[in-house]
Amino acid sequence: MALLQIAEPGQSAAPHERKIGIGIDLGTTNSLVSAVRSGQCTTLADEQQRHLLPSVVHYSSESIDVGYHARDNSNADPKNTIMSVKRFMGRTLKDVTSHWGNLPYEFVEGSESPRFVTPQGELNPVQISSHILTALKVRAEASLGEEVTGAVITVPAYFDDAQRQGTKDAAKLSGLKVLRLLNEPTAAAIAYGLDSQEEGLIAVYDLGGGTFDVSILRLNKGVFEVLSTGGDSALGGDDFDHKIAQYFASSLGLSEQEQRHNHRRLMNAGKAAKEALTDNTDYTCQISLLIDNEEVNKNLSISLAQFNELIADLVHKTTRICKRALKDAEVSLDEVNSIVMVGGSTRVPLVRTEVSAFFNKEVLTSIDPDKVVAIGAGIQADILVGNKPDSDMLLLDVLPLSLGIETMGGLVEKIIPRNTTIPVAKAQEFTTFKDGQTAMMVHVLQGERELVEDCRSLAKFSLSGIPPMTAGAAHIRVTFQVDADGLLNVTAMEKSSGVQAEIQVKPSYGLEESEILNMLQSSVQNAKQDMQARMLKEQQVEASRVLEAMQSALAEDGDELLSPEERKAIDNSLFAMVDAAKMGDADAIKKAIEAVDKLSQAFAARRMDKSIQQALAGHSVDDI
Amino acid sequence: MNYFSLFNLPAAFTVDLVQLKQHYQTLQKMTHPDRFANASEQEKRMYLSKNAQINDAYQVLTSPVSRGEHLLSVRGFTLVGEQETVGDVNFLMQQMEWREDLEAANDIAALDALLASNAANLAAQEEKIAGLLKADTEQDNASAADELRKMKFLVKLASEIQAKIDAIEE
């Protein structure tokens, strides 16, 4: 019997409307961009056929330079050549300097979050990251010859709210629509899973330049379910370089000041040594160092055995985190079917042998460990822009770190535990402790420890507009919602009166919404007219999309789910929207669309509930 | 929100976990935000909060303690505050004994034994609660609420034993 394909309303994109979704791996050391072309996802190269883009930005008064040129000339102007900016994302200056010390950059003094002083002005990590993202976007559009619709950007699974928000803000600044922030290990699993139609348990071991992640996933009929995730957002291949650099410095007997002056050169030598020791058992080289203002040539050497000894503790730390992740997933070691290796640092021989020994299995390395994350992100981006409406793939991610609030005595009460599948919402009730109290503070934290000072402060909310009542009479219900990107959103309501309490969010790190707006405005100052034309066009497209969707929804369920009065009100709002769309005022169209949205909200909710009930009813029939 | 009806399951303490999982997956596939990456803002918001609710509901219904508490609240039985101690002197004595046992156990074997006996206690407690929650009477609901509080203690004890094992293994 022939089966008719019935398209879901709004999913029947005409072939010429093919949209471009790109995958971006915004790495500590290198970044990549990928896209699906003729059914295959590949990373996109620059004009010189290079796929990687070093995550290095050089600022001079004339230009902003991203990539190889900036990296290769880093010795010439270390102060203005920002490397590994990912490590600064969502962090305080103190966090970063206490861990990596000896940084060659100049920071604005007195500010809590790091602000770099450059010839292009004071820049924060979000802005610097946006310069890398812009370079990737430009590369993608040059390579594909088309405008990019949206992007999936990968982040370490272990990134907290502030780091995720920073990444999303950076994308916003570079004009990219973020379809989804995807955890790097999940992206890698997509790249492997779809190729080999793998089913079962999979461990993704991801050791990049600056971060380590491990995730345990279950793959079943296209559903990628993250069971647990763990990692260390301050451990990576750069630490290996650092260990070798320190070894070189101490074997040459350099003073602390000499070390600081030669920091970048020693790190580069460390990196070269690490890479050479992937295929060799010994490494020697000559290095030029600046000692007493004179260039002095020195000989350096290190053996593979010495290198292994230097990094043994760091590698052992990663397998301990793997053990923890298995425990959190409630699975045993021998249940794991495959181990995916991700990140350039998994080329280090000791890493491969130790991980293989830990899991007692061969590790998978068939996809280039530098590209695998970007490829997975590109596959997901292609699905999310709507090019594969019949795709069955679904990614169920988890919250990497517990969310909690401060309670009496500086303790943290957990509200959503880590490894909870996201999106998720949890409500918590608070009460007033003074008569007539109309406001209260809520301090939100992220982390596993019990004391406030040991967790990361995400935000402080002040709830105001609580109706004055006797102490304990007002019940404020605060809902913490985490979206699919792992980002927190908070709403509050006083229960007895139904009064919506106002929330003022003060992010402890990262940027305020107004700061982003300011940055956006200053970046588009010159293109103001372009912007207006573009906004009008966008609103017109949105209006016709809303019209089409509403018409098909009304045809399907209008008679059943709407009273004649409700129907009439919606119809009228649609006419008004169509009229507005013919005029040239983007704001008026936007308002008309909002009016349609508002009037159709109840209808949309009824349609959702109806389809959910139908789906489960269908299930019950199937079960019999 | 009645989570049992959200999952189209009878409101009862004993649930068919396989069916719960199946219904969860169906709802997941329908409501996950990735299915609405190109939808209107309104639909995005609506499905995001529905999906978030479904994930929370699944958590609540999967664990016996939260499932029991949810059943009581669906029945209109008000649970007293968390701070309320279990007014059962025998149980208080028993708690102290368990705490002392945990204090005294300092190797993996002893801790594993504690974990096993705690698991047996949990299973017995779950069965007891299932019996009490079969019928919806005021008295049985009140007893069930007490037993749920005891079970909560056992769950917490289990995680403390596990934490001590983890600390030794690290």
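Chains are numbered independently. Their residues run from 1 in the order of the written sequence. Going through the entries in the order they are written, you letter the chains from A and number the ligands from 1. Given that this is a predicted model, residues contribute local features only at a pLDDT of at least 70 and side-chain atom pairs are listed and counted only at 80 or more, while totals for whole chains, interfaces and linings are drawn from all residues. To get the side-chain values, all heavy atoms of the structure are used, and hydrogens and water are removed first.

Asker: It is not clear to me how the overall build of chain A should be interpreted in this structure. Could you clarify?
Answerer: A run of DSSP states H or I qualifies as a helix once it reaches four residues; a run of E qualifies as a strand once it reaches two. Both are numbered from the N-terminal end. Within chain A, the regular secondary structure consists of 15 helices and 26 strands. Taking 624 residues into account, the globule formula puts the C-alpha radius of gyration at 25 Å, and chain A, at 27 Å, falls close to it. The principal-axis extents of the C-alpha atoms in chain A amount to approximately 85 × 70 × 60 Å. Burial analysis of chain A (624 residues in total) assigns 50% to the buried set. The contacts in chain A between residues at least 6 apart in sequence include a share of 66% that link residues at least 24 apart. Throughout, the Shrake-Rupley method with a 1.4 Å probe supplies accessible areas, and for residues the shown protein chains are the sole cover considered. With an accessible surface of roughly 29500 Å², chain A has 49% of that area assigned to carbon and sulfur atoms. Averaging the locations of the 60 positively and 87 negatively charged side chains of chain A gives two centres separated by 1 Å. For this measure, only C-alpha atoms enter the radius of gyration; the expected value for a globule follows 2.2 Å times N^0.38, where N is the number of residues. Burial classification: accessible surface area is computed with a 1.4 Å probe over protein chains only, and a residue below 20% of its type maximum counts as buried, one above 50% as exposed, and the rest as partly exposed. Pairs of residues are marked as contacts when any of their non-hydrogen atoms sit within 4.5 Å. Positive residues here are Lys and Arg, negative ones are Asp and Glu, while His and the chain termini are left out of the count. We put the charge of a Lys on NZ, of an Arg on CZ, of an Asp on CG and of a Glu on CD.

Asker: Looking at this structure, how should I read the overall build of chain B?
Answerer: Helix and strand counts for chain B stand at 7 helices and 0 strands. Shown N-terminal to C-terminal, the secondary structure of chain B runs as helices and strands in the order α-α-α-α-α-α-α. Its C-alpha atoms give chain B a radius of gyration of 20 Å, more than 25% over the compact-globule value 15 Å for 170 residues. With 170 residues in all, chain B has 44% of them scored as buried. Summarising the internal contacts of chain B: among those between residues at least 6 apart in sequence, 69% fall at separations of at least 24. About 8600 Å² of surface is accessible on chain B, with carbon and sulfur atoms providing 54% of the total. Taking the average place of the 16 positive charges on the side chains of chain B and the average place of its 26 negative ones, the gap between the two points comes to 9 Å.

Asker: Help me out: how do you make sense of the environment of Q601 of chain A in this one?
Answerer: Topologically, Q601 of chain A is positioned in helix α15 (residues 586–623). For Q601 of chain A, the residues in contact, after removing those within four places along its chain, are Q42 and R45 of chain B.

Asker: Before we go on, may I ask you to explain the nonpolar core in this structure?
Answerer: A general feature of soluble globular proteins is that nonpolar side chains tend to end up buried together. Here, nonpolar core means buried Ala, Val, Leu, Ile, Met, Phe, Trp, Tyr and Cys residues that are tied together by side-chain atoms lying within 4.5 Å of each other. In terms of nonpolar packing, the biggest core is built from 48 residues, with F240, F307 and V351 of chain A touching the most fellow members. Top element by residues in this core is helix α9 (residues 304–329) of chain A. It accounts for 10 residues. In this view, F307 of chain A contacts F240, I244, K274, L277, I302 and V348 of chain A; residues no more than four positions away in its chain are not counted. By size, the runner-up hydrophobic cluster in this structure holds 47 residues, among which are I612 of chain A together with A39, I129 and F153 of chain B.

Asker: What exactly am I supposed to notice about the confidence of the model for chain B here?
Answerer: Caution is warranted with low-pLDDT regions, since their predicted coordinates should not be read in detail. Residue-level confidence of the predictor, termed pLDDT, takes values from 0 up to 100. Overall, the prediction assigns chain B a mean pLDDT of 89, with 95% of residues at 70 or greater. Both scores are available for the predicted complex, with the pTM at 0.81 and the ipTM at 0.84.

Asker: Would you take a moment to explain the interface of chain A and chain B for this structure?
Answerer: Often the size quoted for an interface is simply the accessible area lost on bringing the parts together. Contacts between the two partners involve 47 residues from chain A and, on the opposite side, 39 residues from chain B. Taken over both partners, the interface formed by chain A and chain B buries close to 3500 Å², and the fraction arising from carbon and sulfur atoms is 52%. When a carboxyl oxygen of Asp or Glu is within 4 Å of a side-chain nitrogen of Lys or Arg, the pair counts as a salt bridge. The tally of links between chain A and chain B comes to 6 salt bridges. Two residues, K327 of chain A and D166 of chain B, come together in a salt bridge whose shortest N-O distance is 2.7 Å. Counted as a polar contact is a pair of N or O atoms within 3.5 Å, where, for protein atoms, one must be capable of donating a hydrogen and the other of accepting one, and residues adjacent in sequence contribute only when both atoms are in side chains. There are 11 residue pairs in polar contact (both at pLDDT 80 or more) connecting chain A and chain B. Elements that contribute at least two residues to the side of chain A that touches chain B include exactly β14 (223–232), α9, α11 (372–384), β18 (394–396), β21 (424–431) and α15 of chain A. The greatest single-element share of the side of chain A that touches chain B, amounting to 16 residues, is contributed by α15 of chain A. Amino acid classes used here: Ala, Val, Leu, Ile, Met, Phe, Trp, Tyr, Cys and Pro are nonpolar; Asp, Glu, Lys and Arg are charged; the rest, including Gly, are polar. Residue classes in the side of chain A that touches chain B are distributed as 19 nonpolar, 11 polar and 17 charged. By convention, the term buried area covers the 1.4 Å-probe accessible surface removed from two parts as they join, with the contributions of both added.

Asker: What's the story with the pattern of salt bridges in this structure? I'm lost.
Answerer: Oppositely charged side chains can form a pair if their charged atoms are brought close together. Residues and elements named next belong to chain A. Inspection of the entire model under this criterion finds 47 salt bridges over all chains. Here K582 ties to D579 by a salt bridge, and the two come within 3.9 Å at their closest N and O atoms. On the criterion of helical spacing, the pair formed by K582 and D579 is a turn pair, its members being 3 residues apart in helix α14 (residues 564–582). Accessibility expressed as a relative area gives 44% for D579, which makes it partly exposed.

Asker: Would you explain the environment of V578 of chain A in this entry?
Answerer: Within the secondary structure, V578 of chain A sits in helix α14. Considered as a pair, V578 of chain A and A76 of chain A are 502 residues apart in the sequence and their alpha carbons are 59 Å apart.

Asker: Whenever I open this one, the packing of aromatic side chains confuses me. Can you help?
Answerer: Here the distance between the centres and the angle between the planes together describe a pair of aromatic rings. Only Phe, Tyr and Trp rings are paired, with Trp represented by its six-membered ring, and only when their centres lie within 6.5 Å; those with planes under 30 degrees apart are stacked, over 60 edge-to-face, the remainder tilted. Applying the stated criterion across every chain, the model contains 15 aromatic pairs over all chains. Aromatic side chains F36 of chain B and Y47 of chain B sit 3.9 Å apart centroid to centroid with 15 degrees between the ring planes, which places their arrangement in the stacked category. Placement of F36 of chain B in the loop between α2 (17–31) and α3 (41–62) and of Y47 of chain B in helix α3 is noted, with a sequence separation of 11 residues between them. The burial state of F36 of chain B is the same as that of Y47 of chain B; both residues are buried. Here the aromatic cluster, defined as three or more aromatic residues joined through ring pairs, consists of F88, Y105, F107 and F116 of chain A.

Asker: Sorry if this is basic, but what is going on with the sheet that holds strand β6 (residues 64–66) of chain A here?
Answerer: Sheet strands pair by backbone hydrogen bonding; their relative direction is either parallel or antiparallel. All names here are of chain A. Overall, antiparallel pairing links the 3 strands, which are arranged β6-β5-β7 in an open sheet. Two strands lie at the open edges of the sheet, namely β6 and β7 (81–83), each paired on one side alone. Looking at each pair of strands side by side, their axes are set apart by 20 degrees on average, direction ignored. Two strands qualify as a pair provided DSSP detects at least 2 bridges between them. The sheet contact formed by strand β5 (residues 56–59) and β7 spans 3 bridges and is antiparallel. Bridge pairing in β7 links V56 to M83. Helix α3 (residues 125–144) contacts β5, β6 and β7 of the sheet and is inclined by roughly 110 degrees relative to β5. Simply put, an axis is a line fit to the C-alpha atoms, just over the touching stretch for a helix, and the angle between two N-to-C directions goes from 0 to 180 degrees.

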